[in-house]
Every structure is written in structure tokens, then in C-alpha cells.
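Results of the structural survey
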Amino acid sequence: TNCCSCTLEHQKSHDISSASEDRNQLTYLVTDAPPWYLCIFLAIQHCLTAFGATISIPLILSEGLCLQHDSLTQSHLINSIFFVSGLCTLLQVTFGVRLPILQGGTFSLLTPTMAMLSMPEWECPAWTRNASLVDTSSPVFKEEWQSRLRNLQGSIMVASLLQIVVGFLGVIGFLMRFIGPLTIAPTITLIGLSLFESSAAKAGTHWGISAMTTLLIILFSQYLRLIPVPVPAYNKLKKLHTSKFYIFQRISILLGIVVSWLICYILTVSDVLPSNPAHYGHLARTDVKGNVISDASWFTFPYPGQWGVPAVSLAGVFGLMAGIICSMAESMGDYYACAKLSGAPPPPRHAINRGIGVEGLGSLLAGAFGTGNGTTSFSENVAVLGITKVGSRTVILLSGVFLILMGILGKISAVFTTIPDPVVGGMFMVMFGVITATGISNLQSTDMNSSRTIFIFGFSMFSALSIPNWIVKNPGSLHTGVKEVDHVLHILLTTNMFVGGFLGFILDNTIPGTKRERGLPDREHEDVSDKFSASLELYDLPFGLTSFLSSQSWVRYVPFCPWRDRDTDGRTEDNNVMLRRGSELSSHGEIVEMR
């Protein structure tokens, strides 16, 4: 009897474990390609997720560029940043880190940019703040904003060279041997936590609408995700028939946005929402930015130097370099989070080097095209992978194509500006929460019963929230006598991700501790399974370049090229080393087999 009871109990435990694994299993892994119609829906969902953050950057910059009353130029900036974001996404997925990670504008460059534009020599004339005095076609007005944008362009291009050098020379890959979960966890966690103000600001424009959007996404992605919906389908064998489609699981975010957007439209045309801008809830209307649609042209073609020959501001370069450093730290965390959520093994050194280098090239392109910003990995789109359980990079490639089209089709991209702020805020509540939890999950490979682990993580997190908060409230506290140094220190010490990641990195590498405590078990002599080594090939260069370059012995010395030793049956020597290191950093704690 006791034996049977134990067997039943064991079977019950196994069933619960299997159900849990099925619930968390990815529908499509990184190398999988969903059906074309599903790819379209998923790609649109990624574009919509990135839309709010992408479009907000030019609108924020417009005031510093003296463009707050020139909606047509604002729409051109929006088209430019969409176009470059799509182009950089294609480069990153094809030649960069090769993970399903969307590229877009970076908020880490906004603070140094606004600091640069707030300097006395770049302060906007009083007449540009008066709509009645602004003639957008006047050569005087054009020179006012174009001179500022040209200096911003050149400064971004020079600052991006730092990221290009750090990536392609392998400096990032070298540092990876010192980076463990106690460095990555605070960095990723603070990506989500540091965005709570922007999320609350948008959601607070109408808490009812934002709460509805959040509840709809939760309902679709969590409660209804395993409920199939019959949809018409066709193939040669069964002809026209119905097929089960898990629509709530795969396009939950898109459904939540569209339903809330539609409800806001109905409330707008019925005048339920206030039309007076001074009244609470006005920003929930879908016609708030209606003038952008009428002002935008049908086709625009962004090109490098469209605002003139870029210039360089030395103070701007130093400040923007600080932002570039923070952007690299954020991207490092995004790569690991993206790998985990897309069913990929931890990225090896050569892939990380290429990813950072390609992001530097992206910022160089963004500066050349005159977007007023750089590019980075979008954390909110990484969170989408975890919610939809679709980690296919084919979807992200299609998203890049859509972003390019949105950058060319002015009218189409302008339509999306009618998404109300509270809808975007409600979506951010879910997205940033998932990012925060993803960061914390990195700690599961560490010894959480160790006082060392608790101290490092707790101190890093608390300091990363306290120090930036104090400096923001005491802006004159950093005074070295050198303006450029003051700008750099201010940017670094007010960026939560940099403070938390830096403290975690220093403490984890200086405080004595075992590899088990650090989440880095000793596996240097452990054999690597052939199945996992094969899955690491997803990080190889495309179009057979890896096989071609492997015949050249000098390739092993190129930091951003994978090296496949012929004597190891096709196994990449660098990948084998990074497997041992990467599996230690992975929060899954187990090898994910690729389909």
C-alpha cells in the first residue's frame, strides 16, 4: 500500500512538473519560422510594442531643437528613426548577435542630448516658442533647428565609434569572463524598474483605460492562452477546413492594444472623453494628434546628411559617450534575456562582440541619417518573447522590414500616432514588469542562501535606486570645475542600470566566494553534448561565411568571427568555452535543445 501511494504521489508530482514545463515551453524557438500569416501578426505586434518608445524620442527632442511648433518636421524625424530602426534590426539579426532582438532609439542618449541642447549657446530663441511667430518655411527658422541637429548628428557619430571599437575589437568578449549572474541580474532588473516613471506617466493620463489595457493583456496572455480558437484553414489534403489556433497566446499584446484602441475611438467619436485639453482623460482620445496625419506626406525617403553636413560638439561627444556606455550595459543584459526567452543557449563571445559592434554601426547610421538619437536593443520587445512564447528571429526580421516601410510611408506611420497614451502606458505596465522579473530570475543559478549573494544583489539594487535619486534632486552636487567631466559623471551616476551593474561587477569579482555562490560552477572539464554544440551554430555568420572563413587560420584571432576547429568534428572551439561560461549565466540552469 505504501509502495502504491508513493508511486501515485510520484506520478502526480511528475504530471504537475510536466504541465508546468508545457506551460513555459516556447511555441517557436529562435531558428523556427512560423507560418507567413502568423509572422505578419507577430511582426506587427513587435512594431506596435516598440512604437510608443520610438515615437516619443523625436517628440521629446523637438523642444530642445526648437521644433515644438513644426509638426511636419517632427513627422520627418519620426520617419527617419523608424527607417533606421528597421535597417539596424535587419543588420543585427543577420550579421550581429543573431538573436530575435529589435533595434530602436535609446533613452540613454536622451539625457546627454538634452543637456547639450540646454547649454547657453544652443538655447532656443524666445520667438521659436511662440506659434504665431514661427514660419516653418523661413530660412532663418530652418537654420535655427538644423544647426542644432547637425551638431547633434556629428556628436552621436563620433561617440558611436567607442561602441564600434569596443565591440569589434573584442573588449566586451574579454570582460565576459568576469561577468556573472550577480552582474547581469541587477542590470536587467533595473532596466524594468528604472522605467516605472514613464510607464506611470502614460498610464496616469487615464487610469481606467490603462487598467483596461493591462487587464486585457493579462487575460489574453495568462488566462486564455491555452484556449484554442477555430479558424478557417486550407491545404491540398483537407481542402477548406477549420484549424485550432492559439490566438490569445500568440498575439495577446496586439489584441490588448487593438481592443483598447478601438474602445478609445468609440469613446472619442461619441464625445464621452473630454475634448478640452485641460481636463483629465483628454489624452485618451484618438484624435489628439490628428494633425500629424494631415501634415505627413505619403512617401518620405530618409537619407544620410538630409539636414546638411554634420558638425561636432566636444562637450556633446563626452556626454554622449557616457550614454553609449550605459546603452552597452543595457544591451548586454538584453542579449542574455533574449537568449533565455527565445530558447537559445547563452550567446558566445564572438556573437556578443558583433552585437555590440553592430549597435555601434547602428548609432553611426542613426547619426548620419539625422534621427537625433542612436540605436540599442529594445528591452520591451524582449519581454514580448516571454509573453507570446514565440522566439523566432524570422518574426523580428519581418518587423525590421515593417519598420523600414513605416519610415517610408509617412501617412501610414502617422496613423499609429493616434494610439492614446494610456493604452501605451497599460502595455508598459506588463512589459516592464516582465523585464524586471526576467532580471531577478538570473539569480536562480546562484546560492541564494549565501549572505554574500544576498549582500551583493541587495546593495547593488538599493544603491542603484538611491544614488541617482539623490543626484537628480541635487543637480549642483557634482562640480569638478571641468564641464565635460561633470556631464559624464552626472550621466553615469543618474543611470540606474550602470550604477547597479557596475557595483555588482566590482563586488562579485572582489569579494571572496565560491563558484557555486557566484552561480559559476566548475565545469571546465565537463564534456559538451553534441546536440547543444550544434544549437550554438545559430550564432554563426550567415550565408555560409563561417564555413568559408574556417579554412583560414587567421580567423581564430578575429574577435567577432566564430572559429570552428576542423579537429573537433565541426564544434566551435570558442563556443565550447562560452557554453561552459554561458550555461553558468543562464537562469534556466539547464541546456535548451534547439529544434
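Residues numbered from 1 in each chain as written. Predicted model: local features only at pLDDT ≥ 70, side-chain atom pairs only at ≥ 80, totals over all residues. Heavy atoms only, no water.

Here's the deal with the pattern of salt bridges
Across all of its chains, the model carries eight salt bridges by this definition. The salt bridge partner of R150 is E143, with a shortest N-O separation of 3.0 Å. Note on R150: relative accessible area 16%, which makes it buried. In this structure, R148 engages E144 in a salt bridge whose closest nitrogen and oxygen atoms are separated by 2.9 Å. Taken together, the positions of R148 and E144, both in helix α5 (residues 139-168) and four residues apart, correspond to about one turn of that helix. When salt bridges that share partners are traced, they join D271, R285 and D287 into one network. (Salt bridge = Lys/Arg side-chain N within 4 Å of Asp/Glu carboxyl O. Buried < 20%, exposed > 50% of the residue type's maximum accessible area, 1.4 Å probe, protein only. Helix = DSSP H or I, 4+ residues; strand = E, 2+ residues; numbered from the N terminus.)

Brief notes about the packing of helix α9 (residues 207-223) against helix α11 (residues 252-269)
One can describe the packing of α9 onto α11 by two numbers: an axis separation of 8 Å at closest approach and a directional angle of 145°. When the axes of α9 and α11 are compared, the crossing they make is right-handed. Judged by residue contacts, I209, M212, T213, L216, I217, F220 and S221 of α9 engage S252, I253, L255, G256, V259, S260, I263, C264 and L267 from α11. Grouping the constituent residues of the contact of α9 with α11 by class yields eleven nonpolar, five polar and no charged. (Axes fitted to C-alpha atoms, helices over the stretch in contact; angles between N-to-C directions. Left-handed = near helix turned anticlockwise from the far one by under 90°. Contact = heavy atoms within 4.5 Å. Nonpolar A, V, L, I, M, F, W, Y, C, P; charged D, E, K, R; others polar.)

As for unusual backbone geometry
Generally, phi is negative for residues other than glycine and the peptide bonds are trans, each holding for most cases. For R98, which is not a glycine, the phi torsion comes out positive at approximately 70°. Position of R98 among the secondary structure elements: in the loop between α3 (71-95) and β1 (103-104). Its identity is not glycine, yet D271 carries a phi of approximately 60°, on the positive side. For D271, the location among the structural elements is in the loop between α11 and α12 (290-295). Of the residues examined, D271 reaches a relative accessible area of 54% and is grouped as exposed.

Focus: the packing of aromatic side chains
Applying the stated criterion across every chain yields a total of six aromatic pairs. Measuring from centroid to centroid gives 5.7 Å for F83 and F369, while their planes differ by 40°, and the two rings are tilted. Taken as a pair, F83 in helix α3 and F369 in helix α14 (residues 349-369) lie far apart in primary sequence, 286 residues in all. Accessibility assignment for this pair places F83 and F369 in one class, buried. Seen from their ring centres, F168 and F560 are 5.1 Å apart, and the 75° between their planes marks the pair as edge-to-face. Within this pair, whereas F168 is found in helix α5, its partner F560 is found in the loop between α24 (545-549) and α25 (573-585), the two being separated by 392 residues in sequence. Overall, F560 belongs to the partly exposed group, its relative accessible area being 28%. (Phe/Tyr/Trp six-rings, centres within 6.5 Å; stacked < 30°, edge-to-face > 60°.)

A look at a nonpolar patch on the surface
A cluster of nonpolar side chains, contributed by V165, L169, V171, F174, L175 and F178, occupies part of the molecular surface with about 510 Å² of accessible area. The element best represented in the nonpolar patch is helix α6 (residues 171-175), accounting for three residues. Secondary-structure assignment places V165 in helix α5. (Patch = residues over 30% accessible without salt bridge, like charges linked within 9 Å, V, L, I, M, F, W, Y side chains within 5 Å. Areas by Shrake-Rupley, 256 points an atom, 1.4 Å probe, with all protein chains shown as cover.)

Considerations on the confidence of the model for the chain
In the predicted model, the chain carries a mean pLDDT of 79, and the fraction of residues at 70 or more is 85%. Contacts for the low-pLDDT stretch residues 15-23, under 50 throughout, to residues beyond four places or in other chains number three contacts. For residues 566-595, every residue scores under 50 in pLDDT, and the model assigns this stretch 91 contacts once sequence neighbours within four places are set aside. (pLDDT = per-residue confidence, 0-100.)

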